[in-house]
Amino acid sequence: MAVREVLKMGDARLLARAEPVSAFDTPELRALLADMRDTMAAQHGAGLAAPQIGVGLQVVIFAVNANPRYPEAETVPETVLINPVLTALGEEEEEAWEGCLSLPGMRGLVPRYRRLRYQGFDAAGQPLDRTVSGFHARVVQHEVDHLYGILYPRRIRDLRNFGFTEVLFPGQDTVAEE
Ligand code: NI
């Protein structure tokens, strides 16, 4: 278990498509997940995708549990999601501010589907199938984008809504980094 370096925007590894996991419940997968948890916790992130620590596999983790950095956010159970498939439920979108551990200190206003179903597998290879909305749906879309080499600035409709946290939100820091 170790806190790993989080790659920053500009690193080509963040632009690559991740490969599916083919073997579950292995020592390698357990070690990867332990490192991801340690790294996410050390950075107070809401989520982390394996490519952010330089591992090109379809593995994401996320959790929102009374994080002091965004007390208004709803709780999201700690989830390991492997080989995910997302299905938007309806066309409705909503915009909200997002951050990313790969773009520290920045925020952008990003549209996401409000409701979606996500399917995939947990660390033991058990199927996962959830229908979620709001912040939970947002975090999942952000993390799964990482598996396709997409960082949130590509989703911003109007780049005037992109900037430094300390300028956009002086004196407060209540938006998640993922
Ligand atoms: Ni991110």
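A quick note: this is a predicted structure, and the numbers were derived from the prediction, not measured.

Conventions and cut-offs
Residues numbered from 1 in each chain as written. Predicted model: local features only at pLDDT ≥ 70, side-chain atom pairs only at ≥ 80, totals over all residues. Heavy atoms only, no water. Helix = DSSP H or I, 4+ residues; strand = E, 2+ residues; numbered from the N terminus. Contact = heavy atoms within 4.5 Å. Buried < 20%, exposed > 50% of the residue type's maximum accessible area, 1.4 Å probe, protein only. Pairing = 2+ DSSP bridges. Salt bridge = Lys/Arg side-chain N within 4 Å of Asp/Glu carboxyl O.

So, the environment of Leu33: which residues are in play, and what are the values?
Along the chain, Leu33 falls in helix H1 (residues 27-42). Sequence spacing of Leu33 and Gly120 is 87 residues, and the spatial spacing of their C-alpha atoms is 16 Å. What Leu33 contacts, discounting residues up to four positions off in sequence, is Val59, Ile61, Val80 and Ala123.

Residue-level account of the pairing of strand S6 (residues 115-121), with values.
Only one face of S6 is buried: it carries Leu116, Tyr118 and Gly120, and the other face, with Arg115, Arg117, Gln119 and Phe121, is open. The pairing of strand S3 (residues 76-88) with S6 spans five bridges and is antiparallel. Along S6, the bridge assignment pairs Ile82 with Phe121. With seven bridges joining them, S6 and strand S7 (residues 127-133) adopt antiparallel strand pairing.

Describe the pattern of salt bridges, naming the residues involved and giving the relevant values.
Scanning the model with the defined rule gives 12 salt bridges in all. Of the charged contacts, one joins Arg37 and Glu78 as a salt bridge, the two residues approaching to 2.9 Å between their closest N and O atoms. Here Arg37 is found in helix H1, whereas its partner Glu78 is found in strand S3, with 41 residues between them in sequence. Judged by relative accessible area, which is 33%, Arg37 ranks as partly exposed. The structure contains a network of salt bridges with shared partners spanning Glu98, Arg112, Arg138, Asp145 and Arg155.

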